[in-house]
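So you can see what is in the structure, the chains are spelled out below.
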Amino acid sequence: MDMYTENILDLYKNPRNKGILENPTHENSRNNPLCGDEITIQLIICNNDIKEVKFSGQGCAISQASSSMLTDKIKNMNVEDIKNLNKEDILELLHIPISPGRLKCALLCLDTLKGALENARN
Amino acid sequence: MNKKDFPIFDNHPDLIYLDSAATSQRPKQVIKSLTDFYEKENANIHRGVYTLSEQATENYKKAREKIAQFLNANSNEIIFTRNTTESLNLLTNTIKPLLGEGRDEILLTEMEHHSNLIPWQQFAKTNNMKLKFIPITENYELDYEKARELINEKTALVSLTHMSNVFGTINDIKQILDLAKTNNALTIIDAAQSISHMKIDVKQLDCDFLAFSSHKMLGPTGIGILYGKEKHLEKIQPFLFGGGMINTVSYEDATWADLPEKFEAGTQNIAESLALGTAIDYLEEIGFNKIQEYEKEITQYTLEQLSKLENIEIYNPGIEKSSAIISFNLKDIHSHDVATILNENNIAIRAGHHCCMPLMKKLNVPGTCRVSLSIFNTKEDIDKLIEALKKCQEIFR
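Given the structure is predicted, the values throughout are model-derived calculations rather than measurements. (Residues numbered from 1 in each chain as written. Chains lettered and ligands numbered in written order. Predicted model: local features only at pLDDT ≥ 70, side-chain atom pairs only at ≥ 80, totals over all residues.)

Undergrad: Residue-level account of the overall build of chain A, with values.
TA: Secondary structure assignment for chain A yields 5 helices and 3 strands. Starting at the N terminus and ending at the C terminus, chain A contains elements arranged as α-β-β-β-α-α-α-α. Over its C-alpha atoms chain A spans a radius of gyration of 13 Å, differing by no more than 12% from the 14 Å that the globule rule assigns to 122 residues. With respect to the principal axes defined by its C-alpha atoms, chain A has extents near 45 × 25 × 25 Å. Residues counted as buried form 37% of the 122 residues belonging to chain A. Partitioning the contacts of chain A with sequence separation of at least 6, the portion at a separation of at least 24 is 66%. (Helix = DSSP H or I, 4+ residues; strand = E, 2+ residues; numbered from the N terminus. Rg over C-alpha atoms; globule rule 2.2 N^0.38 Å. Buried ≥ 20, exposed ≤ 12 C-beta atoms within 10 Å, placed from the backbone. Contact = placed C-beta atoms within 7 Å.)

Structural data, given as structure tokens:
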């Protein structure tokens, strides 16, 4: 099975939820030292639910696509449910074979998101 | 050239290996040298009085002599380490007494590998010194004009790479060494990339120290070299302490062995040292003139073919000033995506920051694709690379 499916390439060229939030309640940046990619995730959390989410930063097709998919998935999701998301959830979202060398690219957004939950602004 | 000597291609006939700057493939002669030692000659060196141990000690000594001859150094000036990184760490841990009074600047370049950057960062912090960097020009070369200003009476030492692991630029180190010597600064050369591509004569260069790894010059992993002028090595303290590096030991104190054993604590990588000797024999048998000529031709071909692609940015100073290493990016395609697609076509290249994160920041890219060549690469390899790069562009169109 091909890694660069139409869906992945489409999300790379037309990412979802990419941009900057004016008033995020939570925010986190993380980089992948293997490739130098950096992702920032901003959240607005209200009553323990995700009301709004945006991501920014540059990266490869895999990291950009997984960021788009994950940010789509977590809209209106409960914070406690997000804490339970794991590697398998991301791989299921991507639905492509990820080689060991590229796993970090795929999981960068999840690591960044979990960090954001712990990182309230003010 | 000589591809049949590299057994990796018997096991992976379709492999196109373009990552020799990360680590070489090894010719069968080097691999045989390793197995020969373990099967026929294995014993520890130095203290044994039985025949096998004496023979192993003699062969280890001969390997050191071979490396000394290869660099035009004396045997006492060749220290076995694990790799270039360890050689440089040996220096940052011991070099302090050699630095001139009142000199508080360490001069590096903007194109250093992390291995010649981070040890000096730590050294500068510990010793309250300043780090300075010779900048790179828009043509991916050192700025020699700026170097002239940066090397002065405050410079304690200059440590720089002979050949950039990102651009392939071969630095005019003689020019920098002359400037450093005029200003009485110590000089250290990171020869990790250059060592497999050109003849290096430390007497002619007149550098104080020079470091390289076996595994980037067709030799085994786990072995590296630090060359140092005897007068310096005599003056500095050992880096690692333990067995094999002592003269006398009491419960309270110890005195050190003579050079070079003073710097070689613990059982050494004996088989690997011998196999490095074999790698040197192999390179010298082909001859560096022939190696350079061949690699130049294939590097030039690679540059020409890459330049014909649309939407490519090449980070290279040109064939006159570089060899064997070419970095590039395809527009709007991340280097890791390029490398993944090339891998699907059996082509191994490096992608990412190449242990040069500050340099990538300076280039304003998250990383680059890097092709690095060796004697076994052919023009057909490059044709297949170009074909696969076109496929990448097709996929990402």
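Undergrad: I'd like to hear about the overall build of chain B, residue by residue, with values.
TA: Counting secondary structure elements, chain B contains 14 helices and 15 strands. Judged by the C-alpha coordinates and their principal axes, chain B covers about 70 × 55 × 35 Å. Out of the 397 residues in chain B, the part that is buried amounts to 48%. Counting only contacts in chain B whose residues sit at least 6 apart along the sequence, the fraction spanning at least 24 positions is 69%.

Undergrad: Help me get a handle on the packing of helix α2 (residues 61-74) of chain A against helix α4 (residues 87-94) of chain A, residues and values and all.
TA: Residues and elements named next belong to chain A. Running from amino to carboxyl end, α2 crosses α4 at an angle of 105 degrees, the nearest separation of the two axes being 10 Å. Put simply, α2 runs roughly perpendicular to α4. Facing Ala65, Ser66, Met69, Leu70 and Lys73 of α2, the residues of α4 in contact are Ile90, Leu93 and Leu94. Across the contact of α2 with α4, the residue classes tally to 6 nonpolar, 1 polar and 1 charged. (Axes fitted to C-alpha atoms, helices over the stretch in contact; angles between N-to-C directions. Parallel < 35°, antiparallel > 145°, perpendicular 65-115°, else oblique. Nonpolar A, V, L, I, M, F, W, Y, C, P; charged D, E, K, R; others polar.)

Undergrad: Outline the interface of chain B and chain A, listing residues and values.
TA: Facing 13 residues of chain B, the contacting portion of chain A comprises 13 residues. Looking at the side of chain B that touches chain A, the elements that each hand over two or more residues are α12 (335-344) and α13 (357-363) of chain B. Across the side of chain B that touches chain A, the residue classes tally to 6 nonpolar, 6 polar and 1 charged.

Undergrad: How would you summarise the domain arrangement of chain B if you had to cite specific residues and measurements?
TA: Residue and element names in this part refer to chain B. What the domain assignment reports for chain B is domain 1 (3-18 + 287-395) and domain 2 (29-285). Placing a centre on the C-alpha atoms of domain 1 and another on those of domain 2 gives a separation of 28 Å. The interface of domain 1 with domain 2 comprises 23 residues on the first partner and 21 residues on the second. Elements supplying a minimum of two residues to the side of domain 1 that touches domain 2: α11 (288-307), β12 (325-330), α13 and β15 (368-372). The biggest single contributor to the side of domain 1 that touches domain 2 is α11, with 4 residues. Looking at the side of domain 1 that touches domain 2, its residues break down into 11 nonpolar, 8 polar and 4 charged. (Domains from an automatic or database assignment.)

Undergrad: Now, about the nonpolar core: what can you tell me, with residues and values included?
TA: In terms of nonpolar packing, the biggest core is built from 108 residues, with Ile225, Tyr227, Ala279 and Val338 of chain B touching the most fellow members. With 9 residues, helix α10 (residues 270-286) of chain B is the single largest residue contributor to this core. Taken domain by domain, this core gets at least three of its residues from each of domain 1 (3-18 + 287-395) and domain 2 (29-285) of chain B. With residues near it in sequence (within four places) discarded, isoleucine 225 of chain B still touches Ile67, Ile78, Ile79, Phe80, Thr81, Ser87, Ala211 and Phe212 of chain B. Membership of the second largest hydrophobic core comes to 28 residues, among which are Ile41, Ile74, Leu107 and Leu110 of chain A. (Core = buried A, V, L, I, M, F, W, Y, C linked by C-beta atoms within 7 Å.)

Undergrad: Account for helix α1 (residues 6-13) of chain A, with residues named and values stated.
TA: Residues and elements named next belong to chain A. Looking only at α1, the buried set comprises Ile8, Leu11 and Tyr12. Along the axis of α1, the buried residues cluster in a sector spanning 105 degrees; they form a single face. Across α1 from its buried face, at more than 90 degrees, point the exposed residues Glu6 and Lys13. Tucked into the core, α1 has its buried residues touching α2. (Arc of directions from axis to C-beta.)

Undergrad: Can you explain unusual backbone geometry? Please cite residues and give values.
TA: Of note, the bond from leucine 259 of chain B into proline 260 of chain B is cis; its omega dihedral lies within 30 degrees of zero at -5 degrees. Secondary-structure assignment places proline 260 of chain B in the loop between β10 (254-256) and α10. At asparagine 76 of chain A, a position not held by glycine, the phi torsion is positive, near 70 degrees. Looking at the element boundaries, asparagine 76 of chain A is found in the loop between α2 and α3 (79-83).

Undergrad: Residues and numbers for helix α5 (residues 103-117) of chain A, please.
TA: Within an α-helix, residues lying three or four positions from one another point in the same direction, as the helix has 3.6 residues per turn. With 15 residues, α5 of chain A extends 22 Å from end C-alpha to end C-alpha; this agrees with the ideal 21 Å at 1.5 Å per step. Where α5 of chain A bends most, the angle comes to about 30 degrees, and this point is cysteine 109 of chain A. (Expected span 1.5 Å × (residues − 1). Bend = angle between axes of the 7 residues up to and from the residue.)

Undergrad: Break down the pairing of strand β8 (residues 224-228) of chain B for me, with residues and values.
TA: All names here are of chain B. Of all the 5 residues making up β8, 5 are buried; the element is thus mostly covered by neighbouring parts of the structure. Neither face of β8 is exposed, since Gly224, Leu226 and Gly228 on one face and Ile225 and Tyr227 on the opposite face are all buried. Sheet topology note: the strand β2 (residues 78-81)/β8 ladder contains 4 bridges and is antiparallel. Residue pairing for β8: isoleucine 79 is matched across the bridge by leucine 226. Looking at chain direction, strand β7 (residues 209-213) and β8 are connected through 5 bridges and run antiparallel. Bridge pairing in β8 places phenylalanine 209 opposite glycine 228. (Pairing = 2+ DSSP bridges.)

Undergrad: Explain the environment of isoleucine 326 of chain B to me, using residue names and the numbers behind them.
TA: Residues and elements named next belong to chain B. In this fold, isoleucine 326 is placed in strand β12. Residues isoleucine 326 and threonine 368, spaced 42 residues apart in sequence, show a C-alpha to C-alpha distance of 9.7 Å. Other than its neighbours up to four places away in sequence, isoleucine 326 contacts Gly168, Thr302, Leu303, Leu306, Ile314, Asn316 and Val371.

Undergrad: With reference to specific residues and values, describe the confidence of the model for chain B.
TA: Put simply, chain B has an average pLDDT of 97, and 100% of its residues get 70 or more. Confidence estimates for the predicted assembly give a pTM of 0.94 and an ipTM of 0.88. (pLDDT = per-residue confidence, 0-100.)

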